[in-house]
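Coordinate inspection notes
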Amino acid sequence: MSLPSSVLYFLTASSVALRKRAALCAACSYNFFHWMLDSMPKVLIAERCGFTGKYLIPAARVSPIPREAMQILGIPPQRLAHMDYGLATAQEAWLPTHFFGEFMEDTPEVYAIYQAAIAAAAADVKVKSTPRLFIDRPSGRVPRPVANPREVSALLHAYGFTCVDMATLGLKEQIALAMQASAIVGPHGAGLTHIVWMP
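None of these values were measured; they are calculated from a predicted model.

This paragraph deals with the overall build of the protein chain. In terms of helices and strands, the protein chain carries five helices and eight strands. Along the protein chain, helices (α) and strands (β) appear in the sequence β-β-α-β-α-β-β-α-β-α-β-α-β when read from the amino end. Counting only residues that meet the buried cut, the protein chain has 43% of its 199 residues in that class. Of the contacts formed within the protein chain by residues at least 6 apart in sequence, a portion of 79% connects residues at least 24 apart.

What follows is the structure in C-alpha cells.
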C-alpha cells in the first residue's frame, strides 16, 4: 500500500524527514524474533514488488541485527534510515502487510520464500558442524540463566549437545549453525527463532 505525503508513526526520538519513499518496519523490531520473523518477510515482499526507497530500522546502538539482516537480503546501507523513538515523515510511505512470526502457518508461501532466501544467503558460510545445539543466554538484552546449570550441562553433554551463545556470532554464522542442526534446545526467548532455519 502506498500513501503519498504520509506521516510514518515509528516512535522515533526526534522528527526525521525523508525526501523519498520509505517503508515502515515494526516498532518492536529491536527484538530478534520480531525483526527476523515479522519485519524481514515484509522487506523481502517489498523488494519483490519493486520498492526502491529507504527502510526505517532501529538505531544501530539498539541492535546490530536489523542492519546485518538487511545486508543478507542485499539491501545496501545507503537504503537504511536508523531511527529511535518519535515521528518520521516521508514523501511516500509503503506500509507492507504485517506478518506475525507466531502465526507462520497463516502465510506459509511467504515464509517459504523468505526461508529459501535466507538459506541461500548463508549457504556459503563455513561453520563447525554441530548437529545438536543448546542455545545459552548468559548475555544479551534479557539474560535467561538456567537455575541448575551443572545438571543441565551434564545431561546435554550426555546427549551430544554443544552449548553456543549465538550473541557472540555474526548473523550469517548463527543461521548457518541452525541450518546444520538436527535439534535445538534452550530457555524461552528470541534465540529459539533459529529453529526456523533447521532442515
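Evaluated as defined, the whole model comprises one salt bridge. In this structure, the salt-bridge partner of Glu47 is Arg79, at a minimum N-O distance of 2.8 Å. Linking Glu47 in helix H1 (residues 32–48) with Arg79 in the loop between helix H2 (65–72) and strand S4 (80–83), this pair joins segments that are 32 residues apart in sequence.

Below, the discussion takes up the environment of Thr168. Residue position: Thr168 is located in the loop between strand S7 (162–164) and helix H5 (171–179). Within the structure, Thr168 has its side chain in polar contact with the backbone oxygen of Asp165 (distance 2.7 Å).

A few words on the environment of Ile65. With respect to the helices and strands, Ile65 occurs in helix H2. Note on Ile65: relative accessible area 12%, which makes it buried. Remark: the alpha-carbon pair of Ile65 and Met36, spanning 29 residues in sequence, is separated by 8.8 Å. Residues contacting Ile65, with those up to four places away along its chain left out, are Phe32, Trp35, Met36 and Leu171.

To continue, consider the packing of H1 against H2. Running from N to C, H1 and H2 cross one another at 35°; their axes reach a closest spacing of 11 Å. Relative to H2, H1 is oriented so that their crossing is right-handed. Between H1, through Phe32, Trp35, Met36, Met40 and Val43, and H2, the contact on the second element is made entirely by Ile65, Pro66, Ala69 and Met70.

Once that is clear, we can look at the packing of aromatic side chains. For any pair of aromatic rings, the description consists of the separation of the ring centres together with the inter-plane angle of the planes. For the structure shown, the criterion picks out two aromatic pairs. Ring centres 5.7 Å apart and planes at 70° place the aromatic pair Tyr114 and Trp197 in the edge-to-face group. On the criterion of sequence distance, the pair formed by Tyr114 in helix H3 (residues 108–122) and Trp197 in the segment after strand S8 (183–185) is long-range, its members being 83 residues apart.

By size, the foremost hydrophobic cluster in this structure holds 43 residues, and its most contacted members are Met36, Tyr55, Met70 and Tyr114. When residues no more than four places from it in sequence are discounted, the contact partners of Met70 are Trp35, Met40, Val43, Tyr55, Ile57, Ile75 and Leu80.

On to helix H4 (residues 149–158). Among the ten residues in H4, one count as buried, and that is only a small part of the element. Phi turns positive, to about 80°, at Gly160, one or two residues after H4.

In terms of burial, strand S3 (residues 54–58) is a largely internal element, four of the five residues being buried. Two strands pair when backbone bridges link them, and S3 and S4 are joined in this way by four bridges, in the parallel orientation. Residue pairing in the sheet places Ile57 in a bridge with His82 of S4.

The rules behind these values
- Residues numbered from 1 in each chain as written.
- Predicted model: local features only at pLDDT ≥ 70, side-chain atom pairs only at ≥ 80, totals over all residues.
- Heavy atoms only, no water.
- Helix = DSSP H or I, 4+ residues; strand = E, 2+ residues; numbered from the N terminus.
- Buried < 20%, exposed > 50% of the residue type's maximum accessible area, 1.4 Å probe, protein only.
- Contact = heavy atoms within 4.5 Å.
- Salt bridge = Lys/Arg side-chain N within 4 Å of Asp/Glu carboxyl O.
- Polar contact = N/O pair within 3.5 Å; in protein donor to acceptor, adjacent residues only side chain to side chain.
- Axes fitted to C-alpha atoms, helices over the stretch in contact; angles between N-to-C directions.
- Left-handed = near helix turned anticlockwise from the far one by under 90°.
- Phe/Tyr/Trp six-rings, centres within 6.5 Å; stacked < 30°, edge-to-face > 60°.
- Core = buried A, V, L, I, M, F, W, Y, C linked by side-chain atoms within 4.5 Å.
- Pairing = 2+ DSSP bridges.

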